[in-house]
Amino acid sequence: MLFKLEMLRVFRVVAEKGTLSAAAQVLDRTPSAISMMLTQFEDHVGAALFETDRKNRLTPLGQLVLEESRRATDVFDRSAEALRRHALSTAGIVRLAVVPSATVSLLPTVIEAFRSSRPDVRIEISDVDSAAVRRRVQIDEADIGILSARPGDSSEGTAILTDDLGIVCAEDGPVHQAHMTAGGPSDWGLLAQEPLIANPLCGLVEDPSVQSLLTASPLTARNTPAILSFVRRGLGASILPFDAVKSQPVGVEFFVPTNPLCRRELRKIRQDIPNRSPAVEAFWSLLTEQAA
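Just so it is clear, the model here is predicted, and its values are computed rather than measured.

Draft legend 1. Structural context of the overall build of the protein chain. Tallying secondary structure elements over the protein chain gives 12 helices and nine strands in all. In terms of C-alpha radius of gyration, the protein chain reaches 25 Å, well past the compact-globule figure of 19 Å for 292 residues. By residue count, 43% of the 292 residues in the protein chain fall in the buried class. Within the protein chain, contacts between residues separated by at least 24 positions form 69% of all contacts whose residues are at least 6 apart in sequence. Accessible surface, the protein chain as shown: approximately 14,900 Å² in total, 51% of it carbon and sulfur. A gap of 5 Å separates the mean positions of the 31 positive and 36 negative side-chain charges of the protein chain.

And the structure:
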């Protein structure tokens, strides 16, 4: 039984579009050519994949084959794209998956230092949350990942930076006014004065009031500039690390509650594989040097 990638691709497009004519437009082929390839494919499989000749309803086996076809063609397309990118960048490529706060606070300094010695290396950055960072590194969509974790959590990667978590709020907004009125050590309960703009870093704060506010949060954002923009417009308050807001935008205030004091750690991760490119190794080393 010989399966060709092109058979899987043609079957996938027909199954997703529902008709031969629609698939023909996508694949730039004639409907008769596509119908012939589908017939060959079903002969190889040994059973029908569509319940009718109209190709708009799959058999149970067809559903299974569609899932496998998607998986196989996606893997091939990712590999082909990686090869294309490497061909365009003869000096090498570094693929990064990074939490948004590190994109704002850490990467500019690291990239500037990296460019001084390797100006021709192509850098690709995916701005995603910690869970997506892990996933992209695991499936080899990123050479290096940078994620947020609780300090002391040594279960993965290498620590490169630790900073305080705090409340970011609009200046003269309810949270800031309550903080100024208190006049002393503040606690996370001040967040109750405004709607909480939830983001993944909120989960690092081990305080019952924050966990309660998370459940009732009307707005979730992951991108640091977006969070700061929402805060500035008075849509609520949020939790961010000091490094992400140390050059506080106009209209935004930041303070660190001490009851309890909460911190986050940036950790760099990568797959344990041999023969990494010199460009990736150089960037990996710079992450620790520049953070220090």
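Moving on, there is more to tell.
Draft legend 2. Focus on the packing of helix α1 (residues 5-17) against helix α3 (residues 31-45). Between α1 and α3, whose axes approach to 10 Å, the crossing angle comes to 115 degrees. Between α1 and α3, the crossing angle belongs to the class labelled roughly perpendicular. Seen along the crossing, α1 lies across α3 with a hand that is left-handed. Seen from α1, the contacting residues are Glu6, Met7, Leu8, Val10, Phe11 and Val14; seen from α3, they are Ile34, Met37, Leu38, Gln40, Phe41 and His44. The residue makeup of the contact of α1 with α3, split by class, is nine nonpolar, two polar and one charged.

Draft legend 3. Examining the packing of aromatic side chains more closely. Within the structure shown, the criterion is met by four aromatic pairs. Aromatic pair Phe11 and Phe41: ring centres 5.6 Å apart, planes at 50 degrees, arrangement tilted. In this pair, Phe11 is assigned in helix α1 and Phe41 in helix α3, connecting sequence segments 30 residues apart. Looking at Phe41, the relative accessible area reads 1%, which means it is buried.

Draft legend 4. Structural detail: the packing of α1 against helix α2 (residues 20-27). α2 packs onto α1 with a crossing angle of 130 degrees between their chain directions and a minimal axis gap of 8 Å. With respect to α2, the element α1 is oriented oblique. Considering the relative orientation of α1 and α2, their crossing is right-handed. Facing α1, whose interface residues are Val10, Val13, Val14 and Lys17, α2 presents Leu20, Ala22, Ala23, Val26 and Leu27. Residues belonging to the contact of α1 with α2 are distributed by class as follows: eight nonpolar, no polar and one charged.

Draft legend 5. Region of the structure containing the nonpolar core. Counting 31 residues, the largest nonpolar core has Val94, Leu96, Phe114, Ile146, Leu266, Phe283 and Leu287 as its most contacted members. Of all the elements in the fold, those that place two or more residues in this core are β1 (93-98), α6 (107-117), α7 (130-138), β3 (144-149), β4 (158-170), β9 (263-269) and α12 (278-291). Counting residues per element, this core draws most heavily on α12, which supplies six residues. Apart from the residues within four sequence positions on either side, Leu96 is in contact with Leu107, Ile123, Glu124, Ile125, Ser126, Ala142, Ile144 and Phe283. One finds Val175, Leu190, Leu196 and Phe254 within the second-largest nonpolar core, a separate group that totals 29 residues.

Draft legend 6. Summary view of α2. Taken as a whole, α2 has its buried residues at Leu20, Ala23, Ala24 and Leu27. Taken down its axis, α2 places every buried residue within 105 degrees of arc, on the same side. Positive phi shows up at Asp28, right after α2, with a value of about 60 degrees.

Draft legend 7. Structural detail: the pattern of salt bridges. Tallied over the entire structure, the rule returns 19 salt bridges. With its nearest N and O atoms 2.9 Å apart, the salt bridge here joins Glu156 to Arg134. With Glu156 in the loop between β3 and β4 and Arg134 in helix α7, this residue pair connects regions lying 22 residues apart in the sequence. Arg134 gets classed as partly exposed once you look at its relative accessible area, which sits at 28%. Between Glu206 and Arg150 there is a salt bridge, and its shortest N-O distance comes to 3.0 Å.

Draft legend 8. Structural detail: α7. Residues of α7 that are buried: Ser130, Ala132, Val133 and Val137. Down the axis of α7, the buried side of the element spans an arc of 160 degrees, and every buried residue falls inside it. Those residues of α7 hidden inside the fold are in contact with β1, β3 and β9.

Draft legend 9. Here's a closer look at unusual backbone geometry. The omega torsion of the bond from Asn259 to Pro260 falls at -5 degrees, within 30 degrees of zero and hence cis. Among the secondary structure elements, Pro260 is positioned in the loop between β8 (252-255) and β9. Although it is not a glycine, Asp28 adopts a positive phi angle of roughly 60 degrees. If you trace the backbone, Asp28 turns up in the loop between α2 and α3. Residues other than glycine seldom take positive phi values, yet Asp140 does so here, at roughly 65 degrees.

Criteria and thresholds
Residues numbered from 1 in each chain as written. Predicted model: local features only at pLDDT ≥ 70, side-chain atom pairs only at ≥ 80, totals over all residues. Heavy atoms only, no water. Helix = DSSP H or I, 4+ residues; strand = E, 2+ residues; numbered from the N terminus. Rg over C-alpha atoms; globule rule 2.2 N^0.38 Å. Buried < 20%, exposed > 50% of the residue type's maximum accessible area, 1.4 Å probe, protein only. Contact = heavy atoms within 4.5 Å. Areas by Shrake-Rupley, 256 points an atom, 1.4 Å probe, with all protein chains shown as cover. Lys, Arg positive; Asp, Glu negative; His and termini not counted. Charge placed at Lys NZ, Arg CZ, Asp CG, Glu CD. Axes fitted to C-alpha atoms, helices over the stretch in contact; angles between N-to-C directions. Parallel < 35°, antiparallel > 145°, perpendicular 65-115°, else oblique. Left-handed = near helix turned anticlockwise from the far one by under 90°. Nonpolar A, V, L, I, M, F, W, Y, C, P; charged D, E, K, R; others polar. Phe/Tyr/Trp six-rings, centres within 6.5 Å; stacked < 30°, edge-to-face > 60°. Core = buried A, V, L, I, M, F, W, Y, C linked by side-chain atoms within 4.5 Å. Arc of directions from axis to C-beta. Salt bridge = Lys/Arg side-chain N within 4 Å of Asp/Glu carboxyl O.

Everything listed here is a matter of geometry and, on its own, says nothing about what the molecule does.
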